[in-house]
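This is what each chain is made of:
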Amino acid sequence: MNPLYRFRGFALLTLILAIITPLWFSALRAAEKPQDDGPTVDVLSPKESGYVMLPAGEGKTLICIEITDVSGAGIQSDDAGIPRFLGADENVELFRDYIVEKGTYINFKGQSVLQLVSLMPTSKMKTGSVRLTPPIDFKKIPPVSGERQFTLTAKDSVEAAKFQFQVQDLRGIRSNPASGQVTIGFASGLWTPPE
């Protein structure tokens, strides 16, 4: 066989692979990323983070979330209609076990929204993966030169329990994991700077 034909065949194969490979990788990345029409999870209470003040922390903690079926495809759920949370850890399982209210409504965009309220025993929450800055008593920090100045150290941080709520619709599209996060810190009181 003529070496020129071999070279042309190799060049054509290289060109085809150069075109297909990026498309294949971008399709894989698109499947991993949440899409605009994927479901959403919003933590209504507490927003992003909150604190439980000890010793009252031995009581119960309430978390309320909303799951919106943006596309109308339906959310993957169990027989009781509770969504299957992806990668659920002990805290998310605790949330599921202590759901006290569940309701649905249609929002102004015509999308179905599921509300879940859980009232969990605070003492059963798993801590250790994250820590939070303590809640600060700003009334006891006097302004210096027109600004409130203080220094927090690592020992001032408080233990916290992290929740990561992520769902998937019936098409296999996942919600954005960042929007379904909430962290609850455990503090003995409001932090004030040392005297």
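Above this text is the structure in question.
Quick look at the structure, then. The structure presented is a predicted model; accordingly, all values stated were derived computationally and were not measured.

Conventions we followed
- Residues numbered from 1 in each chain as written.
- Predicted model: local features only at pLDDT ≥ 70, side-chain atom pairs only at ≥ 80, totals over all residues.
- Heavy atoms only, no water.
- Pairing = 2+ DSSP bridges.
- Helix = DSSP H or I, 4+ residues; strand = E, 2+ residues; numbered from the N terminus.
- Axes fitted to C-alpha atoms, helices over the stretch in contact; angles between N-to-C directions.
- Contact = heavy atoms within 4.5 Å.
- Polar contact = N/O pair within 3.5 Å; in protein donor to acceptor, adjacent residues only side chain to side chain.
- Salt bridge = Lys/Arg side-chain N within 4 Å of Asp/Glu carboxyl O.
- Buried < 20%, exposed > 50% of the residue type's maximum accessible area, 1.4 Å probe, protein only.
- Arc of directions from axis to C-beta.

1. Side note on the sheet that holds strand E4 (residues 99–106)
Line of reasoning, step 1. Taking strand neighbours across the sheet as the criterion, the four strands line up as E1-E3-E5-E4 in an open arrangement whose pairing is antiparallel. Both outer strands of the open sheet, strand E1 (40–45) and E4, are each paired with one neighbouring strand and no more. Put simply, the sheet's adjacent strands are angled 20 degrees from each other on average, direction ignored.
Line of reasoning, step 2. Here five bridges tie E1 to strand E3 (residues 60–69), and the two strands are oriented antiparallel to one another. Counted as the bridge partner of aspartate 42 is glutamate 66 from E3.
Line of reasoning, step 3. In the packing of helix H2 (residues 90–97) onto the sheet, the strands contacted are E3, E4 and strand E5 (112–121), and the crossing angle to E5 comes to about 100 degrees.

2. Some remarks on the side chain of glutamine 166
Line of reasoning, step 1. The topology assignment puts glutamine 166 in the loop between strand E9 (158–164) and strand E10 (181–187).
Line of reasoning, step 2. Side-chain polar atoms of glutamine 166 contact the backbone oxygen of serine 175, separated by 2.8 Å.
Line of reasoning, step 3. The residues contacting glutamine 166, other than those within four sequence positions of it, are Arg84, Phe85, Leu86, Arg174, Ser175 and Pro177.

3. Some details on the pattern of salt bridges
Line of reasoning, step 1. As enumerated under the stated definition, the model contains three salt bridges in all.
Line of reasoning, step 2. Here arginine 171 makes a salt bridge to aspartate 37, at a shortest N to O gap of 2.8 Å. Separated by 134 residues along the polypeptide, arginine 171 in the loop between E9 and E10 and aspartate 37 in the loop between helix H1 (3–32) and E1 bring together distant segments of the chain.
Line of reasoning, step 3. Using a relative accessible area of 40% as the deciding quantity, one classes arginine 171 as partly exposed.
Line of reasoning, step 4. Of the residues examined, aspartate 37 reaches a relative accessible area of 31% and is grouped as partly exposed.

4. What to know about H2
Owing to its 3.6 residues per turn, the α-helix aligns residues three or four sequence positions apart on the same side.
Line of reasoning, step 1. Buried within H2 are the following residues: Asn91, Val92, Leu94 and Phe95. In an axial view of H2, the angular spread of the buried residues amounts to 155 degrees, which keeps them on one side of the axis. The exposed residues of H2 that point more than 90 degrees off its buried face are Glu90 and Asp97.
Line of reasoning, step 2. For H2, the secondary structure elements touched by its buried residues are E3, E4, E5 and E9.
Line of reasoning, step 3. Its side-chain oxygen 3.1 Å from the backbone nitrogen of asparagine 91, aspartate 89 forms the N-cap of H2.

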